[in-house]
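Chain by chain, the residues:
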Amino acid sequence: QVQFVESGGGLVQPGGSLRLSCAASGFTFSRYAMSWYRQAPGKERELAATITSGGGSTNYADSVKGRFTISRDNAKNTVYLQMNSLKPEDTAVYYCNAVGRPDGLGLYEYWGQGTQVTVSS
């Protein structure tokens, strides 16, 4: 059974920092690319950051580039999102996402339950 435990969300003032964690189980974590998506109230879900299965390559949305850093620890089956210089427009529910072809055939995708990040003074 696939499970994600997301943590690290909360309320922070503009300019502050948060670190999100997503601990995964129930699938071969090291064979999946991992991403963080976010969804603000009244808006569509958008991709914030992605990291390849081995951690050698990352990609970021223009809106978070230079402020957010995605990383992973395959020994701990965990992906992280370090968020610095937070802005009110970063307020959203942040979702952990896994995508991969562990058997070389079918594409599998899994989602976490989301964690709320609120940036406000």
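Keep in mind that what you see is a predicted model, and the values were worked out from it rather than measured. (Residues numbered from 1 in each chain as written. Predicted model: local features only at pLDDT ≥ 70, side-chain atom pairs only at ≥ 80, totals over all residues. Heavy atoms only, no water.)

Draft legend 1. Region of the structure containing the pairing of strand 4 (residues 33–39). Across 7 bridges, the pairing between strand 4 and strand 9 (residues 92–100) is antiparallel. The residue bridging alanine 33 from the neighbouring strand is valine 99, located in strand 9. As paired strands, strand 4 and strand 5 (residues 46–51) are joined by 5 bridges and run antiparallel to one another. Bridged to tyrosine 37 within strand 5 is leucine 47. (Pairing = 2+ DSSP bridges. Helix = DSSP H or I, 4+ residues; strand = E, 2+ residues; numbered from the N terminus.)

Draft legend 2. Expanded view of the state of the cysteines. Tallying each qualifying case throughout the model produces 1 disulfide. Across the disulfide from cysteine 22 sits cysteine 96; the S-S distance is 2.2 Å. Measuring the twist about the S-S bond at about -90°, one finds the cysteine 22-cysteine 96 disulfide to be left-handed. A residue pair is termed long-range when its members are at least 10 positions apart, and cysteine 22 in strand 3 (residues 18–25) and cysteine 96 in strand 9 qualify at 74 residues. Since its relative accessible area comes to 0%, cysteine 22 is described here as buried. By relative accessible area, which is 0% here, cysteine 96 ends up buried. (Disulfide = S-S within 2.5 Å. Buried < 20%, exposed > 50% of the residue type's maximum accessible area, 1.4 Å probe, protein only.)

Draft legend 3. Highlighting unusual backbone geometry. Its identity is not glycine, yet asparagine 77 carries a phi of approximately 55°, on the positive side. Within the fold, asparagine 77 resides in the loop between strand 7 (68–73) and strand 8 (78–83). Of the residues examined, asparagine 77 reaches a relative accessible area of 26% and is grouped as partly exposed. A positive phi is found at serine 85, a non-glycine position, where the angle reads about 50°.

Draft legend 4. Region of the structure containing the sheet that holds strand 3. Pairing in this open sheet of 4 strands is antiparallel, and the strands run 1-3-8-7 from one edge to the other. Each edge of the sheet is formed by a strand with only one pairing partner; in this case those strands are strand 1 (3–7) and strand 7. Each neighbouring strand pair of the sheet contributes to a mean axis angle of 15°, computed without reference to strand direction. Relative to strand 3, strand 1 is paired through 5 bridges, and the arrangement is antiparallel. Opposite phenylalanine 4, over in strand 3, you have alanine 24 as the bridge partner. (Axes fitted to C-alpha atoms, helices over the stretch in contact; angles between N-to-C directions.)

Draft legend 5. How the structure looks around the nonpolar core. The biggest cluster of nonpolar side chains holds 29 residues, and the ones touching the most others in it are Met34, Trp36, Val79, Leu81, Met83 and Tyr94. Of all elements in the fold, only strand 3, strand 4, strand 5, strand 7, strand 8, strand 9 and strand 11 (115–119) reach the threshold of two or more residues within this core. Once residues within four sequence positions are removed from consideration, tyrosine 94 is found in contact with Glu6, Leu20, Trp36, Tyr37, Arg38, Phe68, Leu81, Met83, Gly114, Thr115 and Val117. (Core = buried A, V, L, I, M, F, W, Y, C linked by side-chain atoms within 4.5 Å. Contact = heavy atoms within 4.5 Å.)

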